[in-house]
Amino acid sequence: MKPKINFAKRLLTAGACLVSCILSFETTTYAQDTTAVVKEAGAPVKAKPVKNTFQSIWLIDNQTVMVPFKGTFEMDIQHRFGTVDKGYSDLWGLYASSNIRIGVGYAPINNLYLGIGLNKYDELWDVSAKYALLKQTPGESPVSITYYGDLSYDTRKDATKDLFAHQSDRFLSFNQIIIARKFSDKLSLQVAPSITHQNAVNGYYTKNDSTGQTIFEEMKHDHFAVSVSGRYKLSDATAVLVNYDQPITKHATNNPSPNLSFGFEFATSGHTFQLFMGNYSLLNPGKNNLFNANSPFNYTQADGTRVKGGKFVIGFNITRLWN
């Protein structure tokens, strides 16, 4: 046994000497390259933004903080049935009058997404832009921030000008800042304050004489609101969605109702299907925030008007991505 042990020791010693010689030779010959490698290895790794805060650009009726990658083309089909409060008579709104929107969008450059769509209600065309201002990045930014803007145009015929005294009255603009955070692989939350502007509001003269004029406006031109949304993943392909929209501006009359929505999301790499119940049915962010008449619960407005709740609608969103 002793000769074998000595032979093994000698073999290991010889091998170690050979390796040392090779390393010494490479160190001497490639000193500059080795130094560069050491510096590169020692450089701090740049943090990357968090991915997939949400699965889709939509979370029920609201936009998420997500902006598709450059070169992505998307098609959206959104459908809202009638309110469920009539029960079996119209199969909880499934046989009632419905609203549909078909839209497409494209990301021409990184962080920018442009869209266009047509809404059945009011024959409304809309164009939108979405830009990622800040992305959640470990050690750099705790949240993602995205700007979203939508401009819609009512194309209904109005030969007598009963609806629109001027062409500018057909426009409605919506602007929103979306702030989101992905807390874990399962939970993502966002909050989004917004302002909607309408060029024309209904009103009438309460005084119009030689002493001057006083006009009563039923609503204000600008409307502020805020939405809070969340997504919780149950599996890689399924998630629970919750959203709440709260009007902030108080109008003289016709105050819009808040929106409470909840549902499920089923996703693949190229498709997203969302099935839910909520109160919004107008399929346009400005219209929903200004004119929603479906309330989730009973409440009394400032003028004493009693609003009946329970007016939910069943809806779904389908998105298809190509990139």
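Residues numbered from 1 in each chain as written. Predicted model: local features only at pLDDT ≥ 70, side-chain atom pairs only at ≥ 80, totals over all residues. Heavy atoms only, no water.

A.B. asks: Just checking my understanding: could you explain the pairing of strand S13 (residues 238-247) for this structure?
C.D. replies: Remark: a regular strand shows side chains that alternate across the two faces of the sheet. The alternating pattern of S13 places Ala239, Leu241, Asn243, Asp245 and Pro247 on a buried face, while none of Thr238, Val240, Val242, Tyr244 and Gln246, on the opposite face, is buried. Of the strand pairs in this sheet, S13 and strand S14 (residues 259-267) are connected by eight bridges, and their pairing is antiparallel. Counted as the bridge partner of Val240 is Phe264 from S14. (Buried < 20%, exposed > 50% of the residue type's maximum accessible area, 1.4 Å probe, protein only. Helix = DSSP H or I, 4+ residues; strand = E, 2+ residues; numbered from the N terminus. Pairing = 2+ DSSP bridges.)

A.B. asks: I keep staring at the layout of surface pockets and nothing clicks. Help me out?
C.D. replies: Sizing a probe to match a water molecule and rolling it over the atoms shows the empty space that remains. Taken as a whole, the largest pocket spans an internal volume of roughly 940 Å³. Along its surface, the largest pocket is lined by 38 residues, and Asp122, Arg156, Gln198, Lys287 and Phe291 are the ones closest to its centre. Put simply, the parts of the chain that give the lining of the largest pocket at least two residues each are strand S3 (73-83), strand S8 (171-182), strand S11 (212-217) and helix H3 (285-291). With four residues, the top contributor of residues to the lining of the largest pocket is S3. Breaking the lining of the second largest pocket down by element, the ones donating at least two residues are strand S6 (124-134), strand S7 (144-154) and strand S18 (313-322). (1 Å grid on protein atoms, 1.4 Å probe; cavity = no way out; pocket = protein on both sides within 12 Å on 5 of 7 lines; lining within 4 Å. Points joined across faces, edges and corners; volume = space filled by probe spheres on them.)

A.B. asks: Explain empty space enclosed by the protein here, please?
C.D. replies: Across all of its chains, the model carries three cavities of 30 Å³ or more by this definition. What the largest cavity holds in volume is close to 170 Å³. As for the largest cavity, its lining consists of 22 residues, of which Trp58, Gln63, Arg101, Asp126 and Tyr148 are closest to the centre. Of all the secondary structure elements, the ones that give two or more residues to the lining of the largest cavity are S3, strand S4 (99-109), strand S5 (112-119), S6, S7 and H3. Counted by class, the lining of the largest cavity contains eight nonpolar, seven polar and seven charged residues. The calculated volume of the second largest cavity comes to roughly 40 Å³. (Nonpolar A, V, L, I, M, F, W, Y, C, P; charged D, E, K, R; others polar.)

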